[in-house]
Amino acid sequence: MREFIVLEDVDDPALNAEKSTRSELVYRALAEASASVLWRADPSGAATDIRGWSNLEGRTGGDWIEAVHGDDRQRLSCEIRAMVRAASPTELRFRAQTPTGEYRRCLARAVPIKDDRGRVLAWVGTLTDVEDQLVAQEALHSADRLKSVGRLTAGLAHDFNNLLTVITGGAEALVQGISPDDKLHEQAKLTLHAAERGAELVRDLLAFSRQQPLQPQAVAIDGLLSSIEPLIRRLLGEDVRFEVQRPATALACMADPARLETALMNLCINARDAMPEGGRLSLEAELVVFSEEAAHHSGLTPGAYVVFTVSDSGCGMAPEVLERAVEPFFTTKPAGLGSGLGLSMVYGFTKQSAGHMALSSSPDAGTRVKLYLPQAAVPPAVGPLEPGPATLLAGIEVLLVEDDPLVRSQVARHLAALGCEAVAVATAGAALERLEAGEACDLLMTDIVLPGGVDGFELARRARTLRPSMPVLFTSGYSEDRVTAKADPGIQCFLQKPYRRAALARAISDALGQDRGGS
């Protein structure tokens, strides 16, 4: 007769209970310390415990899916079934209702707990609100994309401005040289007008790329609104009810007044086009103060800002349209009815003015645009005086440095027509050789971008070592802020291409007068 001894390894029940209690305490501590939701589920994926958000705690089985956005539920259910079949770590993305009641984009991570044979015993995981992170990533991606487009548009604008300088100069010479009775006189005027329209388009491109030349000054808000209100009313027509809400106290913002007027007019025209059957449009100005935290979210410096709000009751924009609204040349208008530069110009102008633009819209709910511009620290400035007529500058000797042969030839003709004695060269080296050889020169007029490794700024510095009192007039198809920032204090005159002869005459007078202490 055989005897068998059966040995059974049984853990101490008290020890097992202690381990279970300790594990539960650790789980609870993690739930309290984590910003995410912690959850457990059975092998089928049905929730057994949820901790973290008050609106989810206590839900078991499939009840928790009621907190998921209705549009995401069916897709999420399919993904959970696929997760259970795969029995492998999974990430699930969906919109869930937070304890505040709003739906936000969330990321759920699930990890299976398996036995030695690979069978799933349970699931554990987290649920994290990633809305702010995704918004930041999208904003960064959008900023990078716009920055790249901005560099491209700035390069295109430079080349177009060189061409328009020649076209504008030639057309202006034809207008002045052809008798008004000649049938070609009207054609010349049309050509000049088209060139000026082209220059406006290029300025909008430069505005988007934040490289337009600005002349910021304190702008009185009440005076600004009073001057543009009648213009806007005429543009809107009788079907649009237009309201202007002025600030309760006198305010001023720091901005280029002409570009600010253009920006507000563009926004109002966009609003009118979004309300073909009429509606409501309001323009409001008020003062806001950004704390350090609030300013950080808008990319601004903490402080006081004047905010212009343009609101309409129009058709609004779908999310995919809103995302691209400030891209240059993007437009939803039919061909021929929009260049797609309106909002991009406003966006670039506000950013270049140390401000911010906020855009909100949804289909059939209208659009609201807010422009934030720094509050002026000085009393409102008097509006600029109307420029006087161009003056002949007889006998002024100008050393012209321009690498583009067409532009060089055209500008030389302008200078001759103004009575200047011009010597035109293509490079900085040729200009310095002239100066070193004792060439008479009352003014150095130079393009900023030059071949040969010496740009207009460096040329000006070297020229001033040879002729310390010689004024310098910069000109360029680019219009970057560094034009004045990089130049020496005595040589900060700049003329943006393209320009007409009268503008050239004024710029030369300003340069000569600046160096001599005023004309």
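Scoring rules and cut-offs
- Residues numbered from 1 in each chain as written.
- Predicted model: local features only at pLDDT ≥ 70, side-chain atom pairs only at ≥ 80, totals over all residues.
- Heavy atoms only, no water.
- Helix = DSSP H or I, 4+ residues; strand = E, 2+ residues; numbered from the N terminus.
- Buried < 20%, exposed > 50% of the residue type's maximum accessible area, 1.4 Å probe, protein only.
- Pairing = 2+ DSSP bridges.
- Axes fitted to C-alpha atoms, helices over the stretch in contact; angles between N-to-C directions.
- Contact = heavy atoms within 4.5 Å.
- 1 Å grid on protein atoms, 1.4 Å probe; cavity = no way out; pocket = protein on both sides within 12 Å on 5 of 7 lines; lining within 4 Å.
- Points joined across faces, edges and corners; volume = space filled by probe spheres on them.

A.B. asks: Is there a simple way to explain unusual backbone geometry in this structure?
C.D. replies: Where the residue is not glycine, phi is negative for most of them; where a peptide bond is considered, it is trans in most cases. Non-glycine residue alanine 87 carries a positive phi angle of around 55 degrees. As for its position among the elements, alanine 87 is in the loop between helix H2 (73–86) and strand S3 (90–97). Among the residues examined, alanine 87 registers a relative accessible area of 14% and is labelled buried. Notably, alanine 354 is not glycine yet its phi reads approximately 65 degrees, a positive angle. Among the secondary structure elements, alanine 354 is positioned in the loop between helix H9 (342–352) and strand S11 (356–361).

A.B. asks: Help me understand the sheet that holds strand S9 (residues 279–290) in this model?
C.D. replies: Within a beta sheet, neighbouring strands are joined by backbone hydrogen bonds and run either parallel or antiparallel to one another. If you walk across this open sheet you meet the five strands as S7-S9-S10-S12-S11, and the pairing is mixed. Looking along the sheet, the strands with just one partner apiece sit at the ends: strand S7 (240–245) and S11. Between one strand axis and the next, the sheet turns through 15 degrees on average, direction left out of account. Summarising the sheet, S9 and strand S10 (residues 303–312) pair through 10 bridges and their orientation is antiparallel. Counted as the bridge partner of valine 288 is tyrosine 305 from S10. Packed on one face of the sheet, helix H5 (residues 221–236) meets S7, S9 and S10 and runs near 180 degrees to S7.

A.B. asks: How do you make sense of empty space enclosed by the protein when you look at a structure like this?
C.D. replies: Rolled over the atoms, a probe sized like a water molecule indicates the empty space that remains. According to the stated counting rule, one finds three cavities of 30 Å³ or more in the structure shown. Of the pockets and cavities examined, the largest cavity occupies roughly 220 Å³. Forming the boundary of the largest cavity are 14 residues, of which Trp39, Trp64, Ile80, Phe94 and Ala108 lie nearest the centre. Those elements that place two or more of their residues in the lining of the largest cavity are strand S1 (37–41), strand S2 (47–51), H2 and S3. Looking at which element gives the most residues to the lining of the largest cavity, the answer is S1, with three residues.

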